[in-house]
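Tertiary structure, described
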2 protein chains.
Amino acid sequence: MKKRVAISIGDLNGIGLELALINHKNISQIVEPIYFIDRDLLELGSDLLKIEIPKSLKNINGIGKSFNIEAGKVSAESGLYSFNSFKSAVESAKNGDVFGISTLPINKESWKLAGIKYSGHTSALRHFFNQEAIMVMGANDLWVALYTEHISLSEIPKFIKREFLEPFLRIIWLEFKNKFNKIAVLALNPHGGDGGVCGNDEVEIEQAVLNINREIGFDFFSRPLVPDIAFTPRMRNEFKFYISMYHDQGLIPLKTLYFDESINISINLPILRTSVGHGTAFDIAYKNNRILNSKSYINSIVWLANK
Amino acid sequence: MKKRVAISIGDLNGIGLELALINHKNISQIVEPIYFIDRDLLELGSDLLKIEIPKSLKNINGIGKSFNIEAGKVSAESGLYSFNSFKSAVESAKNGDVFGISTLPINKESWKLAGIKYSGHTSALRHFFNQEAIMVMGANDLWVALYTEHISLSEIPKFIKREFLEPFLRIIWLEFKNKFNKIAVLALNPHGGDGGVCGNDEVEIEQAVLNINREIGFDFFSRPLVPDIAFTPRMRNEFKFYISMYHDQGLIPLKTLYFDESINISINLPILRTSVGHGTAFDIAYKNNRILNSKSYINSIVWLANK
């Protein structure tokens, strides 16, 4: 039997609905999708996109508050709707109505305008479940867990403390010990601080690694690697999973190599959640164009189907 | 007539000497290399490497202070020697004895042990010439200029001010206006700050870009680009030259794609200087192995030959 999967529809001013519509038939072959969107908005979006609603797309779960779709626009209404769609999808997973959820992209600025205090899906999940949800992104043979994510660069260093790093490493170990033989841990500073010439945060990272490796009983986590050479072809032969100290440190190389294919998964939560790796792409929304790439969306569904 | 090029020998405990010896014949076909090393150390290194000194390698310029080469060791002696080799090579360029210099890698920690106050070649050049030398790295169709470089992550944000960014952009414009049609400028924060959700530094970057573009008369510099999607294949079709706000932001994608080929060039200086893109590789020094890759060293020489 196919797994029931909740699709939170994302920001309706972005590309999410188009992805949902054009891939419905395809993904229905491996899962049973339930879309968290109201009938009137589904119809409005379908009209704007000039894409018919597939006959078999019947399984929808309304939110109840309509608004006017405006392609590519940051708006409080759209932000609120995408948040409610997401929240309902999460509820359905929590209640066991679905096996897991796949979230289409939301716009963080629209969430902010709507007065939603979370900086993204992952931070909201963290709050819903009062658990340290961790964001992992990847494709093919390159996976990255983000130690910090949607915070400004200036806030990163204060989190680089062994007492915060250790619980994080412990979770990664428990989640991935059966999937990877070893995991790369990145340094924070250029050249890994170069022996203190450009930063000392690596001392904290190294101590956390040593402590957790001692608990585990072998060197599962690497010493902090010099970031700019951690993703060379030679290093990627050695490591398939990386812990990056900040968002762009891990996502720049991942998206440089595998932008179209990457998916996002949340770990350390009581529910299964995947997401496309990209954003709302407001610049190409409702242009019904050929640039739109479905690889990431499909991979996110495949990941759930295979879980 | 072939151009005379000074080769500063780098940290003799690293892979520099091996690169110089095995590529001498090759690079001598396009330039006339002058090595900044003493005869006794050249012989000692050649013995340790079990690589004969090529008969045609006669053009050496001694530094005068010998020490004992210890493969892979961070040491004050080695740090000091590499600094003096570099300094002499720079002098020869300054005096017009050579067309330009190519620097083999030094170890920053060894420089620090030797009491050298510069965090690398580029910062030393900046001091020698009292000019804002800018570090540019690249290969093939991807080039990156570093706005900040060998400083800790925590120090970066204080440099993201329009009054510091504007003179930098002006130099890049003057240097590259004839080589590129447009240049990508990266944001600092994840998602470019996401409209203020995770940082506001992008306001400063954007203002600097707008001001300089107004001076120039057209949009030569891009608005601050979201960093993690700036190097996707689609974006690299559009941009061949990037300005990164910090070291790893630009060098992670460059080295992920073109680690072996990348070279380093210093711009905004009265002398021409190139360098290999990699470090001293202490882990493979004096192992006379097959891993050693000469592409970057050769590309740095080719760049000077074609300049």
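Just above sits the structure.
These remarks concern the structure in this document. Fair warning: this is a prediction, and the values are worked out from it, not measured in the lab. (Residues numbered from 1 in each chain as written. Chains lettered and ligands numbered in written order. Predicted model: local features only at pLDDT ≥ 70, side-chain atom pairs only at ≥ 80, totals over all residues. Heavy atoms only, no water.)

**Comments concerning the packing of helix H3 (residues 76–94) of chain B against helix H5 (residues 121–129) of chain B**
Residues and elements named next belong to chain B. At a closest axis distance of 12 Å, the pairing of H3 and H5 adopts a crossing angle of 50°. In terms of orientation, H3 and H5 fall into the oblique class. As for the relative orientation of H3 and H5, their crossing is right-handed in sense. Facing H3, whose interface residues are Phe83, Phe86, Lys87, Val90 and Lys94, H5 presents His121, Ala124, Leu125, Phe128 and Phe129. Considering only residue class, the contact of H3 with H5 consists of seven nonpolar, one polar and two charged. (Axes fitted to C-alpha atoms, helices over the stretch in contact; angles between N-to-C directions. Helix = DSSP H or I, 4+ residues; strand = E, 2+ residues; numbered from the N terminus. Parallel < 35°, antiparallel > 145°, perpendicular 65-115°, else oblique. Left-handed = near helix turned anticlockwise from the far one by under 90°. Contact = heavy atoms within 4.5 Å. Nonpolar A, V, L, I, M, F, W, Y, C, P; charged D, E, K, R; others polar.)

**With respect to the nonpolar core**
With 68 residues, the main nonpolar core has A:Ile172, A:Phe221, A:Ile243, B:Ile172, B:Phe221 and B:Ile243 as its most contacted residues. Sequence-distant contacts of A:Ile243, defined by excluding residues within four places in its chain, comprise A:Ala145, A:Tyr147, A:Phe168, A:Leu169, A:Ile172, A:Ile183, A:Ala184, A:Val185, A:Leu186 and A:Phe221. (Core = buried A, V, L, I, M, F, W, Y, C linked by side-chain atoms within 4.5 Å. Buried < 20%, exposed > 50% of the residue type's maximum accessible area, 1.4 Å probe, protein only.)

**Regarding the sheet that holds strand S8 (residues 263–267) of chain B**
All names here are of chain B. The strand order across the open sheet formed by nine strands is S2-S1-S3-S9-S8-S4-S5-S7-S6, and the pairing between neighbours is mixed. Looking at strand neighbours, the two that pair on one side only are strand S2 (31–36) and strand S6 (184–185), the edges of this open sheet. Contacting strand S4 (134–139), strand S5 (142–146), S6, strand S7 (241–244) and S8, helix H6 (residues 162–176) runs over the sheet at an angle of about 160° to S7. (Pairing = 2+ DSSP bridges.)

**Some thoughts on helix H9 (residues 247–258) of chain B**
Relative to the 16 Å expected for 12 residues at 1.5 Å per residue, H9(B) spans 16 Å between its end C-alpha atoms, a close match to the ideal helical length. With 11 of 12 residues buried, H9(B) is to be regarded as a mostly interior element. Among the residues of H9(B), B:His247, B:Asp248, B:Gln249, B:Gly250, B:Leu251, B:Ile252, B:Pro253, B:Leu254, B:Lys255, B:Thr256 and B:Tyr258 are the ones counted as buried. Check the buried side of H9(B) and you find it contacts helix H8 (233–238) and helix H9 (247–258) of chain A together with S4, S5 and S7 of chain B. (Expected span 1.5 Å × (residues − 1).)

**Comments concerning the pattern of salt bridges**
Close approach of charged atoms allows side chains with opposite charge to pair. Within the structure shown, the criterion is met by 26 salt bridges over all chains. Here B:Arg162 and B:Glu204 are joined by a salt bridge, their closest N and O atoms 3.2 Å apart. Of this pair, B:Arg162 sits in helix H6 while B:Glu204 is found in helix H7 (residues 202–216), placing the two residues 42 residues apart along the sequence. It is possible to trace a salt-bridge network through shared partners that takes in A:Arg126, A:Glu132 and A:Glu149. (Salt bridge = Lys/Arg side-chain N within 4 Å of Asp/Glu carboxyl O.)

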